[in-house]
Amino acid sequence: MPNVKSIPAAGQASPSQKNLLDLKRLVAAPVGAKDNPDEVRALDAIHMGLDWLMEWEWAWYILNNLTFATVAGTAAYTITPQNGGIRQIQNMRVSSGTERPLTKIEEALYNRVVWDQSATGLPVYYSTNRLGQEQLITLHPTPESVETVLYDAYTEPVKESADGAYLLIPSWLESALVLRAQARLFHAPAPEL
């Protein structure tokens, strides 16, 4: 198995002004359960609201200008974000040495087209493989020198459960999250039998 280098991808600080307990209390307030929001499963409703926000406002979760350094002779790199999973990587480019964009390619296509799989040189392609909370990136051909790779990534928020935790959402989306969670909690369709 080839060498794989792990790279942590750090997220932004949370701009939200309300911690999770405050949000749970707001969600549970219409039924008078703000002192004990867990009675009405407010946390589950908030997590469902986050899923909904990811469908419509997920551009908020772009992490810009992330970097990692290549290692000579290492083609595979695992990126593990600290604030959730990675949905998509884009705008990848080499920003030091011989600067150039890296083009995404399907690894199976690269393997069919390129005869010498052990070739080293200046990478011009990259391929991805989704592995849960990690993103495996393979550079093609295998780097022969140390260079800095710059990229942007769409991430998924961590579904916090600690009452004192702050969600990674902009403050202007707090109301949308609370309203969506309340709608999900109090107006959910009846289960089918």
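Provided above is the structure to which this section pertains.
In short, a report on the structure. Because the structure is a prediction, the values reported are computed rather than measured. (Residues numbered from 1 in each chain as written. Predicted model: local features only at pLDDT ≥ 70, side-chain atom pairs only at ≥ 80, totals over all residues. Heavy atoms only, no water.)

**A few points about the overall build of the chain**
1) Next: Helix and strand counts for the chain stand at four helices and 11 strands.
2) Next: Look at the contacts in the chain between residues 6 or more apart in sequence, and 75% of them connect residues 24 or more apart.
3) Next: As presented, the chain carries roughly 10700 Å² of accessible surface, and 52% of it is formed by carbon and sulfur atoms. (Helix = DSSP H or I, 4+ residues; strand = E, 2+ residues; numbered from the N terminus. Contact = heavy atoms within 4.5 Å. Areas by Shrake-Rupley, 256 points an atom, 1.4 Å probe, with all protein chains shown as cover.)

**Quick look at helix H1 (residues 20–28)**
1) Next: Three or more residues of H1 are buried, namely Leu20, Leu23, Lys24, Val27 and Ala28. Taken down its axis, H1 places every buried residue within 130° of arc, on the same side.
2) Next: Measuring from the backbone nitrogen of leucine 21 back to the side-chain oxygen at the start of H1 gives 3.2 Å, which picks out asparagine 19 as the cap. (Buried < 20%, exposed > 50% of the residue type's maximum accessible area, 1.4 Å probe, protein only. Arc of directions from axis to C-beta. Polar contact = N/O pair within 3.5 Å; in protein donor to acceptor, adjacent residues only side chain to side chain.)

**Examining the packing of aromatic side chains**
1) Next: Evaluation of the coordinates by the stated rule reveals two aromatic pairs.
2) Next: Here phenylalanine 68 and tyrosine 77 contribute two aromatic rings whose centre-to-centre distance is 5.0 Å and whose plane-to-plane angle is 35°, an arrangement assigned as tilted.
3) Next: For phenylalanine 68, a relative accessible area of 4% corresponds to the buried category.
4) Next: The exposure class assigned to tyrosine 77 is buried, which follows from its relative accessible area of 0%. (Phe/Tyr/Trp six-rings, centres within 6.5 Å; stacked < 30°, edge-to-face > 60°.)

**Structural notes on unusual backbone geometry**
1) Next: Here the residue pair histidine 140 and proline 141 is connected by a cis peptide bond, since its omega of -15° sits within 30 degrees of zero.
2) Next: Among the secondary structure elements, proline 141 is positioned in the loop between strand S9 (134–140) and strand S10 (142–143).
3) Next: With phi around 60°, arginine 41 is a residue other than glycine that occupies positive phi space.
4) Next: Topologically, arginine 41 is positioned in the loop between H1 and helix H2 (42–56).
5) Next: Phi is positive for asparagine 65, which is not a glycine, with a value near 55°.
6) Next: Relative to the helices and strands, asparagine 65 is located in strand S2 (residues 62–69).

**Focus: the pairing of strand S11 (residues 148–155)**
1) Next: Burial analysis of S11 places six of its eight residues in the buried class, the great majority of the element.
2) Next: The pairing of S2 with S11 spans six bridges and is classified as antiparallel. Bridging across to S11, phenylalanine 68 finds its partner in valine 149.
3) Next: Note that strand S4 (residues 86–94) and S11 share six bridges and pair antiparallel. (Pairing = 2+ DSSP bridges.)

**Concerning the nonpolar core**
1) Next: Val27, Ile46, Leu50, Leu167 and Leu177 are the most contacted members of the largest nonpolar core, which totals 18 residues.
2) Next: Where this core is concerned, the elements lending two or more residues are H1, H2 and helix H4 (174–186).
3) Next: With seven residues, H2 is the single largest residue contributor to this core.
4) Next: Formed by 16 residues, the second largest nonpolar core is a distinct cluster that contains Leu66, Phe68, Tyr77 and Ile89. (Core = buried A, V, L, I, M, F, W, Y, C linked by side-chain atoms within 4.5 Å.)

**Re the packing of H1 against H4**
1) Next: With their axes 9 Å apart at the nearest point, H1 and H4 run at an angle of 50° to one another. Considering their axes alone, H1 and H4 lie oblique with respect to each other. Considering only the axes of H1 and H4, their crossing is right-handed. Residues Leu23, Leu26, Val27 and Ala28 of H1 pack against Leu177, Val178, Ala181, Gln182, Leu185 and Phe186 of H4.
2) Next: Considering only residue class, the contact of H1 with H4 consists of nine nonpolar, one polar and no charged. (Axes fitted to C-alpha atoms, helices over the stretch in contact; angles between N-to-C directions. Parallel < 35°, antiparallel > 145°, perpendicular 65-115°, else oblique. Left-handed = near helix turned anticlockwise from the far one by under 90°. Nonpolar A, V, L, I, M, F, W, Y, C, P; charged D, E, K, R; others polar.)

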